[in-house]
Amino acid sequence: MNKRRLGKTNLMVSEVGFGGEWLERHSEEESIALIRYAEKQGINIIDCWMPDPKSRTIIGKAIAESRDKWYVQGHIGSTYQNGQYVRTRDMKFVKPAFEDLLARIGGGYIDLGMIHYVDSMEDWEACMNTEYIDYVHDLHKKGIIHHIGLSTHNPRIAKMAAETDFIEMILFSINPAFDMKPASEDLNAMFGGYDEGLKGIDPERASLYHLCVERDIGITVMKGFFGGRLFDAATSPFGAAFTPAQLIHYALTRPAVSSILCGYDTTAQVDAAVAYETATDDERDYASVIASAPLHSYMGQCTYCGHCKPCPMNIDIAMVNKFYDLAVQQPSVPDSVRAHYASLTPTASACIGCQSCESRCPFGVKIAKRMEKTAALFGC
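Each value, and the rule that gives it
- For every chain, the first residue of the written sequence is number 1, and numbering continues from 1 onward in sequence order.
- The model is predicted, so local features are restricted to residues of pLDDT at least 70 and side-chain atom pairs to those at 80 or more, both for listing and for counting; the totals for chains, interfaces and linings are taken over all residues.
- Side-chain descriptors were evaluated using all non-hydrogen atoms of the structure, hydrogens and water having been removed beforehand.
- Starting at the N terminus, helices and strands are each numbered in turn, a helix being any DSSP run of H or I of at least four residues and a strand any DSSP run of E of at least two.
- Our radius of gyration is a C-alpha quantity, and the globule rule it is checked against amounts to 2.2 Å times the number of residues to the power 0.38.
- Three exposure classes are used, based on accessible area relative to the maximum for each residue type with a 1.4 Å probe and protein chains only: buried under 20%, partly exposed in between, and exposed over 50%.
- Contacts between residues were defined by any pair of non-hydrogen atoms, one from each residue, lying within 4.5 Å.
- Here, Shrake-Rupley sampling with a 1.4 Å probe gives the accessible areas, and only protein chains in the shown set may cover a residue.
- What we call a nonpolar core is a set of buried Ala, Val, Leu, Ile, Met, Phe, Trp, Tyr and Cys residues that are connected through their side-chain atoms within 4.5 Å.
- Aromatic contacts are taken between Phe, Tyr and Trp rings whose centres are within 6.5 Å, Trp giving its six-membered ring; a plane angle under 30 degrees counts as stacked, one over 60 as edge-to-face, and the others as tilted.
- Polar contact is defined as a pair of N or O atoms within 3.5 Å, subject to the rule that within protein one atom must be able to donate a hydrogen and the other to accept it, and that residues adjacent in sequence are counted only when both atoms are side-chain atoms.
- Think of it this way: DSSP has to see at least two bridges between two strands before they count as a pair.
- Between N-to-C directions, angles cover 0 to 180 degrees, with each direction set by a line fitted to C-alpha atoms, over the stretch in contact for helices.
- A crossover gets the label right-handed when its path from the first strand over the helix to the second runs clockwise, viewed with the strands pointing away from the viewer.

Overview of the overall build of the protein
Working step 1: Along the protein, the regular secondary structure elements total 15 helices and 12 strands.
Working step 2: Taken against the 2.2 N^0.38 rule, which gives 21 Å for 380 residues, the C-alpha radius of gyration of the protein at 20 Å falls within 12% of a compact globule.
Working step 3: In terms of overall dimensions, the protein has a C-alpha envelope of 55 × 45 × 40 Å along the principal axes.
Working step 4: Every one of the 380 residues in the protein was classed for burial, and the buried ones make up 57%.
Working step 5: Put simply, of all contacts in the protein between residues at least 6 apart along the chain, 74% involve residues at least 24 apart.
Working step 6: When the accessible surface of the protein is summed, it comes to about 15,200 Å², and 51% of that surface belongs to carbon and sulfur atoms.

Listed below in structure tokens is the structure:
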């Protein structure tokens, strides 16, 4: 596994990393084994934005015997309230949530303390001009977080972060489809439809990458596979399919990028990502796919990121959408998909159509309508 220097942090991170958001969907034993398997393949950086105790405990137990070999991105402002994920800058929730993370991960420190998910100017102000940022600085001063980072989908916010004198790295969403989109305060516009004028990398995104190089700000990558949609021509915004090696190479060839954090459910998926290290130039080539692909919009497509939470009815919206997408890609609903969907509690039929989730979706997904379609498709 090749290692790359993560900007001014000077941490040498594996160029293929571990995005841990699906850990809670498996048994603790299985997920611990998966992380340890990834470690054996040379992976040494893992993201923990998840606030739920199970995910955090799994990571802590998995790396307990090799804590000094792992670099953990731990998010500040990702909280667990009444069994639901809530992003907040309210210190009565932020502080205990981070203290919980610290205790469960172990070692007494977090390598990369992440200012969690800032996509709008309003939220930037809420982070930078309140006691929230004082808390982040205090954690850093005390050595509890070794480096300060920030996560965002918005290149304009990312540029502002890079221009500070204290943010050392950024977790940013990068793939060939996203890179064509300009920044916007309007999340629907920012992640909205494509037209023929959006070919190539958006100038502001290109500027961000070069600014990060100039200021020695390392980038780690989320959403590199666009929730798996880029693997299938039928769901790819380009109308063409990519391979894991192509998408990993795309991300790693952006200036300032040090690591792409891939999501894994199985050891086979770890193997597929790590195979990038021995892939040929032809296997890594993504340019030919982009050059020959028709251009399509990805607006309204779920990437299963989980930012739609919390749901007042406790629906696992991302998983419902995932099973719906798996089902409609087949001539008839596979029995395995139907069985997995039926195991969800509650299912889409519990949706009350409040649409509160839609206001949090970075991609403008019409979630309430999808819940109706899913309930009709599966009959529950």
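Having seen the structure, we can now continue with the description.
Details of the nonpolar core
Working step 1: The biggest cluster of nonpolar side chains holds 84 residues, and the ones touching the most others in it are Ile35 and Ile115.
Working step 2: Excluding anything up to four places from it in sequence, Ile115 contacts Ile76, Cys127, Met128, Tyr132, Ile133, Val136, Ile148, Gly149, Leu150, Ser151, Phe166 and Ile167.
Working step 3: Within the second largest apolar cluster, 21 residues are counted, among which are Val333, Cys357, Val365 and Met371.

What to know about the packing of aromatic side chains
Working step 1: According to the stated counting rule, one finds eight aromatic pairs in the structure shown.
Working step 2: Here the aromatic rings of Phe172 and Tyr209 are separated by 6.4 Å at their centres, their planes lie at 70°, and the arrangement is edge-to-face. Note that Phe172 is positioned in strand β10 (residues 169-173) and Tyr209 in helix α8 (residues 203-215), a separation of 37 residues in sequence.
Working step 3: Tyr209 sits in the buried class, given a relative accessible area of 2%.
Working step 4: Ring centres of Phe178 and Phe226 lie 5.1 Å apart, and the angle between their planes is 65°; on these two criteria the pair is classed as edge-to-face.

A closer look at the side chain of Thr79
Working step 1: Looking at the element boundaries, Thr79 is found in strand β6 (residues 78-81).
Working step 2: Thr79 gets classed as buried once you look at its relative accessible area, which sits at 1%.
Working step 3: Within the local environment of Thr79, its side chain forms a polar contact with the side chain of Gln81, the two groups lying 3.0 Å apart.
Working step 4: Of note is the side chain of Thr79, whose polar atom sits 2.7 Å from the backbone oxygen of Val86.
Working step 5: Not counting residues up to four positions away in its chain, the partners in contact with Thr79 are Pro51, Gln84, Tyr85, Val86, Thr88, Phe93, Val94 and Ala97.

Some points on the sheet that holds strand β3 (residues 16-19)
Working step 1: One closed barrel accounts for eight strands, arranged β3-β4-β5-β8-β9-β10-β11-β12; its pairing is parallel. Direction aside, the axes of adjacent strands within the sheet are offset by 30° on average.
Working step 2: Direction of pairing for β3 relative to strand β12 (residues 257-263): parallel, over a ladder of four bridges. From the neighbouring strand, Phe18 faces β12, where its bridge partner is Cys262.
Working step 3: α8 rests against β10 and β11 (218-222) of the sheet, and its axis sits at about 155° to β10.
Working step 4: Relative to β12, helix α9 (residues 244-252) is tilted by about 145°, and along the sheet it contacts β3, β11 and β12.

Description of the environment of Leu102
Working step 1: Assignment of secondary structure puts Leu102 in helix α3 (residues 91-105).
Working step 2: A C-alpha to C-alpha distance of 37 Å links Leu102 and Ala339, two positions 237 residues apart in sequence.
Working step 3: Beyond its immediate chain neighbours, meaning those up to four positions away, Leu102 contacts Gly108, Tyr109, Ile110 and Ile144.

Details of α9
An α-helix turns once per 3.6 residues; consequently, residues spaced three or four apart project the same way.
Working step 1: Summarising burial for α9: eight of the nine residues are buried, a large majority.
Working step 2: Residues of α9 that are buried: Ala245, Gln246, Leu247, Ile248, His249, Tyr250, Ala251 and Leu252.

Considerations on the side chain of Ser151
Working step 1: In this structure, Ser151 sits in strand β9 (residues 145-152).
Working step 2: Using a relative accessible area of 4% as the deciding quantity, one classes Ser151 as buried.
Working step 3: There is a polar contact of 2.6 Å between the side chain of Ser151 and the backbone nitrogen of Tyr117.

Digging into the pairing of β3
In summary, the side chains of a regular strand alternate between the two faces of the sheet.
Working step 1: What you see with β3 is no split at all: Val16 and Phe18 on one side and Gly17 and Gly19 on the other are buried throughout.
Working step 2: In the sheet, β3 pairs with strand β4 (residues 45-48) via two bridges, with the strands oriented parallel. Counterpart to Phe18 in the pairing with β4 is Ile46.
Working step 3: Assessed by its sense of winding, the connection that carries the chain from β3 through helix α1 (residues 28-40) to β4 is right-handed.

What to know about the environment of Ser66
Working step 1: Take Ser66: it is sitting in the loop between α2 (53-63) and β5 (71-76).
Working step 2: You can call Ser66 buried: its relative accessible area is 7%.

Structural notes on the pairing of β10
Working step 1: Of all the five residues making up β10, five are buried; the element is thus mostly covered by neighbouring parts of the structure.
Working step 2: As judged from the four bridges shared by β9 and β10, these two strands associate in the parallel manner. For Leu150, the partnering residue across the bridge sits in β10 and is Ile170.
Working step 3: Since β9 and β10 lie parallel, the crossover through helix α6 (residues 155-162) that links them has a hand, and here it is right-handed.
Working step 4: Pairing of β10 with β11, which is carried by five bridges, proceeds in the parallel orientation. From the neighbouring strand, Ser173 faces β11, where its bridge partner is Met222.

Topic: unusual backbone geometry
Working step 1: For the bond from Lys309 to Pro310, the omega torsion is 5°, close enough to zero to count as cis.
Working step 2: Along the chain, Pro310 turns up in the loop between α12 (287-292) and α13 (317-328).
Working step 3: Residue Pro346 follows Thr345 across a cis peptide bond; omega there is -5°.
Working step 4: Non-glycine residue Asp216 carries a positive phi angle of around 60°.
Working step 5: The phi dihedral of Lys223 falls on the positive side, at around 60°, and the residue is not glycine.
Working step 6: Mapped onto the elements of the fold, Lys223 is located in the loop between β11 and α9.

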